[in-house]
Amino acid sequence: MDKNWRDWKWQWKNSLKSEADFSRYFDLTDSERQAFQQTAHLFKFQTTPYYASLADGKNPEDPIRKMIVPTIKETNQGRQSQWDPLGEGNHSPVSRIIHRYPDRVLFLITDMCGVYCRYCTRKHFTGNDQAFPKSKEYSEAIHYIKSNRAIREVILSGGDPLSLSDDRLLKVMEDISAISHVELVRIGTRMPVVNPLRITEELVNMLRQFHPVYIMVHFNHPKELTAEAGEALTRLANSGFPVMNQMVLLNGINNHEAIVQALSRRLLKLRVQPYYMFQVDPSRGTDHLRTSVMDSRKIQRELWGRVSGLMMPNLSLDIPGGGGKVGFAPDYILFESDEKIKFRGWDGIEEEYVNPRPDHIKKPDITEYLEEWQTIKSAKYGSGTKSQAIHHLRPEASLF
Ligand code: SF4
């Protein structure tokens, strides 16, 4: 092992980016070799040596390998296939900002990632060598947030914000925290998974000045929870960052209740809240990695009640085209009327919940909270603002 293995910058500099690089770690199959030659224009290949070392290089079915090594299946269009499955281009009022919900925005602060996940939702933007916004784009994005008082949360995303240097991040955090109506920042990152050495003392000491800062991590499989990842997560939790996990259910990789259970239980022990369990978006080239909503709901039903609520990630999908998030919960209702609802619970017990009389319901005094609520309720946001803001949208690739 190289003497610099534990240096995150060494991991970054020595990333695997080509067929030859990947061949050093993996016995590539014909399908994988063809993919390196035929899909390079569709989506970048890249992983840190650390993350590659978690995979079994001899087993094409290894779950880590399937997340980072391309296969020729990426050229299949499949049953549904879109460059921008979340319709982000339609909700981008200025460059790098996605404003889909009234009280929060996504700020795409870089398009670079530590690895390029084969199932990525944002293939239209990620990995296009745009890196940090140009200075005009950056000022316009900050100005947009400043001018919209309904925006209470800024979600730094991309790309992976923690691929930026500490100095760059410091500047971004200073600029956002100077906006008085922004109450918290979320940072969406896969670095604790793919390059956990990035979570240095210096980084957490810098970011903790701006609390509340939520860290949204993205572990998909218990194999990713190594000693190094555990150290990174502990460092974050010890420094007061709420850490939440967003996993994606991936076909043949983690779409089984036993795996979701193992991942959630280990995360919770590390003080990470299993938050979302997403359906893969129908992003181009991901059909072979998608699982059905029925399969995902079955996983949810198997876990519901058997594991604690704290361990239960919310099953959710984004309506393709930008329709927003939809959550699922098992349906235990047998019968419903104005008077009562009858349930059969997760382990078969049947009982009723009887409503109080309708004239018994009264609303509390909301004077103190009304203005704040109206700001959110009447907020103008992205809808209908189709713009050029997410530029460098990949052109329709000839393969499809
Ligand atoms: S880290 Fe996130 S943005 Fe980057 S390739 Fe993976 S899924 Fe896409």
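Heads up: these notes are all about the structure in this document. (Residues numbered from 1 in each chain as written. Predicted model: local features only at pLDDT ≥ 70, side-chain atom pairs only at ≥ 80, totals over all residues. Heavy atoms only, no water.)

Focus on the sheet that holds strand β8 (residues 314–319)
No. 1: A sheet is described by the order of its strands in space; here 9 strands give the open sequence β1-β2-β3-β4-β5-β6-β7-β8-β9, paired in mixed fashion. Of all strands in the sheet, those bounded by a partner on one side alone are β1 (97–101) and β9 (324–327). Each neighbouring strand pair of the sheet contributes to a mean axis angle of 25°, computed without reference to strand direction.
No. 2: Pairing geometry for strand β2 (residues 104–108) and strand β3 (residues 153–157), over 5 bridges, is parallel. (Pairing = 2+ DSSP bridges. Helix = DSSP H or I, 4+ residues; strand = E, 2+ residues; numbered from the N terminus. Axes fitted to C-alpha atoms, helices over the stretch in contact; angles between N-to-C directions.)

Structural notes on the sheet that holds strand β10 (residues 333–336)
Where strands meet in a sheet, backbone hydrogen bonds hold them as pairs that are either parallel or antiparallel.
No. 1: The strand order across the open sheet built from 3 strands is β10-β11-β12, with neighbouring strands paired in antiparallel fashion. Pairing within the sheet leaves two strands with one partner each, and these edge strands are β10 and β12 (350–354). Sheet twist, expressed as the average angle between the axes of neighbouring strands with direction ignored, equals 20°.

Looking at the site of the ligand
No. 1: With respect to spatial proximity, the complete set of residues near the ligand consists of Cys113, Val115, Tyr116, Cys117, Cys120, Gly159 and Arg190.
No. 2: Taken together, the residues that form the shell around the ligand break down as 5 nonpolar, 1 polar and 1 charged. (Near = heavy atom within 4 Å. Nonpolar A, V, L, I, M, F, W, Y, C, P; charged D, E, K, R; others polar.)

A short note on unusual backbone geometry
No. 1: In the segment running from Gly158 into Gly159, the intervening peptide bond is cis, with an omega of 10°.
No. 2: Position of Gly159 among the secondary structure elements: in the loop between β3 and α7 (166–177).
No. 3: In this chain, His211 is followed by Pro212 through a cis amide linkage whose omega measures 5°.
No. 4: Looking at the element boundaries, Pro212 is found in the loop between α9 (201–207) and β5 (213–217).
No. 5: You will see that Arg96, though not glycine, has its phi angle at about 75°, which is positive.
No. 6: Mapped onto the elements of the fold, Arg96 is located in the loop between α5 (63–68) and β1.
No. 7: The phi dihedral of Arg271 is positive, around 65°, even though this residue is not glycine.
No. 8: Relative to the assigned elements, Arg271 resides in the loop between α11 (257–269) and β7 (272–279).

Some details on a nonpolar patch on the surface
No. 1: A grouping of Ile366, Tyr369, Leu370 and Trp373 is seen on the molecular surface, where their side chains present a nonpolar patch of about 420 Å² in accessible area.
No. 2: Considering the arrangement of structural elements, one finds Trp373 in helix α13 (residues 367–377). (Patch = residues over 30% accessible without salt bridge, like charges linked within 9 Å, V, L, I, M, F, W, Y side chains within 5 Å. Areas by Shrake-Rupley, 256 points an atom, 1.4 Å probe, with all protein chains shown as cover. Salt bridge = Lys/Arg side-chain N within 4 Å of Asp/Glu carboxyl O.)

Remarks on the side chain of Asp281
No. 1: Along the chain, Asp281 turns up in the loop between β7 and α12 (293–303).
No. 2: Salt bridges are absent for the buried Asp281, whose nearest opposite-charge side chain, Arg122, sits at 8.0 Å.
No. 3: A distance of 2.7 Å separates polar atoms of two side chains, one belonging to Asp281 and the other to Thr121.
No. 4: Excluding its chain neighbours within four sequence positions, the residues that come into contact with Asp281 are Pro85, Leu86, Thr121, Thr286, Arg290 and Asp318. (Buried < 20%, exposed > 50% of the residue type's maximum accessible area, 1.4 Å probe, protein only. Lys, Arg positive; Asp, Glu negative; His and termini not counted. Polar contact = N/O pair within 3.5 Å; in protein donor to acceptor, adjacent residues only side chain to side chain. Contact = heavy atoms within 4.5 Å.)

So, the pattern of salt bridges
No. 1: Counted according to the given criterion, the structure contains 25 salt bridges.
No. 2: Residues Lys58 and Asp27 are paired through a salt bridge, measuring 3.5 Å at the closest nitrogen-oxygen approach. Of the two residues, Lys58 sits in the loop between α4 (49–52) and α5 while Asp27 sits in the loop between α2 (19–23) and α3 (30–38), which places them 31 residues apart along the sequence.
No. 3: A residue is classified by how much of its surface remains accessible, and Lys58, at 66% relative accessible area, is exposed.
No. 4: On the accessibility criterion, Asp27 (44% relative accessible area) is partly exposed.
No. 5: Notably, a salt bridge pairs Lys171 with Asp175, separated by 2.9 Å at the nearest N-O pair. Taken together, the positions of Lys171 and Asp175, both in helix α7 and 4 residues apart, correspond to about one turn of that helix.
No. 6: Owing to a relative accessible area of 19%, Asp175 belongs among the buried residues under this scheme.

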